[in-house]
Amino acid sequence: MGVAYFTKRALSYLIIVSMAIFSILPLFVMTYQSLKTEHEFAFNPAGIVFKPSLENYIEAINMLKRPLLNSLISCSLCTFLTILTCSFTGYLLASYSFKGRKFIFVTIASGLGVPPQAYIIPLAMFAVYANLYNNIIGLGIIFFLYSVTGGVLYFTNYYLTNVPKELIEAAHVDGCGILSTYVRIILPLSPTIIALVLSLNFTSWYNNLLWPLVLTAGPESQTVPIIIASTAGRTLVKWTLQMAISVIASIPAMLIYLIAARYISRGALASLAMKR
């Protein structure tokens, strides 16, 4: 091990530490500023010495009680349905040859090329006719319908590259049907892709503002992004309150990511080891 080796190692650690600092810095600044009063923030936004106050968090908790529950219910329902249906669909498309398989796959994949704005009117009309408008369960179902395309492609690609067809054939030889093979073979091999879809799907819809604005009305069905946006008035923005709400609202998404990251890293290391 020479100077070049240690130089590469030092450079690698420097890049990793720098990326970590840049990733954590916004959360740190947001938490730091949320402990100030609006008066202190207005007259001394960069001040280091100040008297910490929890009044923003008390007000934020009162504002977030119902919206946070609404966001968690709708996003959890959407994520559960996406993982359940898309994993099974991806398994069928990746493991079996049947008439119309390519057409189904191309049709699903083509949905990625449609801009999200194009779905607003059709899905809004569907929500009204199906009695899903201004309904948290209905919001979760609409989230799920929009997530199907990406979910199927993720699972199909994962099963094509990580689950050998010989394993499926061996399961059928042992007497497993399509459903029992899915439950006993496919799902135990899927923690990595499930964790990935869980983190991406949950966080993307948890932070989504467009669809809750279109599909909900009234304070009973508001979600967290709507509350955050509502703190900014036309002439006045309550920055410290908005930061306190953002800090509290970011906790569920961070927990989901921390839980999923372990399985994603394990799967990545296992895949790398298999390729080597």
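A brief look at the structure comes next. (Residues numbered from 1 in each chain as written. Predicted model: local features only at pLDDT ≥ 70, side-chain atom pairs only at ≥ 80, totals over all residues. Heavy atoms only, no water.)

### Focus: the side chain of Asn56
Logical step 1: The residue Asn56 is located in helix 3 (residues 55–95) in this model.
Logical step 2: Polar side-chain contacts of Asn56 include one of 3.4 Å to the side chain of Thr240.
Logical step 3: The contacts of Asn56, once residues within four sequence positions are left out, are Ser34, Lys36, Thr240, Leu241 and Ala244. (Helix = DSSP H or I, 4+ residues; strand = E, 2+ residues; numbered from the N terminus. Polar contact = N/O pair within 3.5 Å; in protein donor to acceptor, adjacent residues only side chain to side chain. Contact = heavy atoms within 4.5 Å.)

### A word on helix 9 (residues 191–206)
Logical step 1: Here helix 9 spans 22 Å end to end across 16 residues, near enough to the 22 Å set by a 1.5 Å rise per residue.
Logical step 2: Burial in helix 9 covers these residues: Thr192, Ile193, Ala195, Val197, Ser199, Asn201, Phe202, Trp205 and Tyr206. (Expected span 1.5 Å × (residues − 1). Buried < 20%, exposed > 50% of the residue type's maximum accessible area, 1.4 Å probe, protein only.)

### Here's the deal with the packing of helix 4 (residues 101–110) against helix 6 (residues 136–162)
Logical step 1: Where helix 4 meets helix 6, the axes come as close as 8 Å, and the angle between the chain directions of the two elements is 125°. Taken together, the axes of helix 4 and helix 6 are oblique relative to one another. Pair helix 4 / helix 6 crosses with left-handed handedness. Residues Phe105, Ile108 and Ala109 of helix 4 form the contact with helix 6, whose own contacting residues are Thr149, Val152, Leu153 and Thr156.
Logical step 2: Of the residues that constitute the contact of helix 4 with helix 6, the class distribution is five nonpolar, two polar and no charged. (Axes fitted to C-alpha atoms, helices over the stretch in contact; angles between N-to-C directions. Parallel < 35°, antiparallel > 145°, perpendicular 65-115°, else oblique. Left-handed = near helix turned anticlockwise from the far one by under 90°. Nonpolar A, V, L, I, M, F, W, Y, C, P; charged D, E, K, R; others polar.)

### Thoughts on the packing of aromatic side chains
Logical step 1: Counting across every chain of the model gives twelve aromatic pairs.
Logical step 2: On the numbers, 5.2 Å between centres and 90° between planes, the contact of Tyr119 with Tyr146 is edge-to-face. Here the residue Tyr119 occupies a position in the loop between helix 4 and helix 5 (120–129), and Tyr146 occupies one in helix 6, the gap between them amounting to 27 residues.
Logical step 3: Consider the rings of Tyr158 and Tyr159, whose centres lie 5.9 Å apart with planes at 70°: the pair is edge-to-face. Like Tyr159, Tyr158 is buried. (Phe/Tyr/Trp six-rings, centres within 6.5 Å; stacked < 30°, edge-to-face > 60°.)

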